[in-house]
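Coordinate analysis (summary)
Single-letter residue listing:
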Amino acid sequence: MTDLDKESFYALHNIYSDVPTAFGIVRTNGLPLGVDAVDCAVYRTLSRVNHSCAPNVHHTWNPKTKKEYLHATRDIAGGSEILTSYLDPFLVREERMKRLWKSFQFECQCELCAAPSPAEYDLTVRRIKICSDLIMTCASSDPKKSIQFVRETLALLDKIGGEGKTPFYYDGYQISAMYGDYTLAQEFATLLLESYIMDAGEEGENYERYLKYSQNPRSHERAGCAPRRILS
Ligand SMILES: [Zn+2]
């Protein structure tokens, strides 16, 4: 590293020791290289972006360009802070607090955590968890029900800010393509592409694949593999 990079690196926060050790700094500030990745990277700027449970940007690692990206998920007024989430989505306040303390040792004071009554948000999050688990459970036995759970999950997400929809548009697309309902598959594929561009941009690793689905909903590898059903 250059002297400037070294200085910047050792100035990062370290929750494991008062002495600035490389191990503690990487553990505290490293961003995983993709979902569920073991490897991580520390950045001079991106590792300094603070956390909010109601973030205004989404961060993604792109294995093709080997870069980490931030995409705005809502309008951000000039001069306001860029905030990302260090947590998995759809956690109730108590669970968020527990995880943030364990991994980063701070008490979150974001707009969501500071809200006087988190009960409604927490109830919505719990229902999202139930519905999203049922989407795939029902996909083979009752695909129509499965699509209803996709729609309910999307409506619940709208209630809490509308982010995190991409995987559910994918579920809706995949299930309708499998059962040969290509009108519905087209509807979900279009929404999937729009939502993915918001999350990861056109440089995102899945962009080409989702573009292909939106141009031809029959192009999914499992399209038409189940007996044809109208699910809409
Ligand atoms: Zn918070």
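Analysis parameters
- Residues numbered from 1 in each chain as written.
- Predicted model: local features only at pLDDT ≥ 70, side-chain atom pairs only at ≥ 80, totals over all residues.
- Heavy atoms only, no water.
- Helix = DSSP H or I, 4+ residues; strand = E, 2+ residues; numbered from the N terminus.
- Expected span 1.5 Å × (residues − 1).
- Buried < 20%, exposed > 50% of the residue type's maximum accessible area, 1.4 Å probe, protein only.
- Contact = heavy atoms within 4.5 Å.
- Donors = N, O, S within 2.8 Å, 3.2 Å for Na, K, Ca; no water.
- Tetrahedral: all angles 85-135°; square planar, octahedral: opposite > 155°, others 65-115°.
- Salt bridge = Lys/Arg side-chain N within 4 Å of Asp/Glu carboxyl O.
- Core = buried A, V, L, I, M, F, W, Y, C linked by side-chain atoms within 4.5 Å.

Focus: helix H7 (residues 166–178)
When the terminal C-alpha atoms of H7 are compared, their 18 Å separation across 13 residues agrees well with the 18 Å that a helix rising 1.5 Å per residue should span. Among the 13 residues of H7, 12 are classified as buried, and the element is accordingly described as predominantly covered. Those residues of H7 not exposed but buried are Thr166, Phe168, Tyr169, Tyr170, Asp171, Gly172, Tyr173, Gln174, Ile175, Ser176, Ala177 and Met178. Buried residues belonging to H7 abut helix H5 (119–139), helix H6 (143–159), helix H8 (182–200) and helix H9 (207–215). Once H7 ends, the next one or two residues include glycine 180, with phi positive near 70°.

Some details on the side chain of threonine 153
One can find threonine 153 in helix H6. When near neighbours in sequence (up to four residues on either side) are disregarded, threonine 153 contacts Ile128, Cys131, Ser132, Ile135 and Phe168.

Section: the coordination of the zinc ion
Every protein donor of the zinc ion is accounted for by Cys53 (SG), Cys108 (SG), Cys110 (SG) and Cys113 (SG), and the metal-donor separations fall at 2.3 Å. Geometry at the zinc ion is tetrahedral, judged from the four donor atoms that bind it and their angles of 103 to 114° at the metal. Counting gaps between the donor residues of the zinc ion yields the pattern C-x54-C-x1-C-x2-C. One end of the pair, cysteine 53, is in the loop between strand S3 (50–51) and strand S4 (57–62); the other, cysteine 110, is in the loop between helix H3 (93–104) and helix H4 (111–114), and 57 residues separate them in sequence.

Some points on the pattern of salt bridges
Once the charged atoms of two side chains with opposite charge are near each other, the side chains can pair. In total, this model carries nine salt bridges according to the counting rule given. Arginine 99 is the partner of glutamate 95 in a salt bridge, and the nearest nitrogen-oxygen pair spans 2.8 Å. Of this pair, glutamate 95 and arginine 99 are both found in helix H3, four residues apart, which corresponds to roughly one turn of the helix. For glutamate 95, a relative accessible area of 24% corresponds to the partly exposed category. Of the residues examined, arginine 99 reaches a relative accessible area of 31% and is grouped as partly exposed. Between arginine 127 and glutamate 152 there is a salt bridge, and its shortest N-O distance comes to 2.7 Å. Taken together, the positions of arginine 127 in helix H5 and glutamate 152 in helix H6 put the pair 25 residues apart, joining distant regions of the chain. A relative accessible area of 31% places arginine 127 in the partly exposed class. Judged by relative accessible area, which is 29%, glutamate 152 ranks as partly exposed.

Remarks on the nonpolar core
Side chains that are nonpolar tend, in soluble globular proteins, to be buried together. Core analysis: the largest hydrophobic core is formed by 47 residues, its most contacted members being Cys53, Tyr173, Ile175, Phe188, Tyr210 and Tyr213. Taken together, the elements giving at least two residues each to this core come down to H3, H4, H5, H6, H7, H8 and H9. No other element matches H8, which puts nine residues into this core. Not counting residues within four places of it along the chain, the set of residues in contact with tyrosine 213 comprises Tyr170, Tyr173, Ala189, Leu192, Ser219, His220 and Glu221. By size, the runner-up hydrophobic cluster in this structure holds six residues, among which are Ala41, Tyr43, Leu46 and Val49.

Remember, this is a structural readout, not a statement about activity or role.
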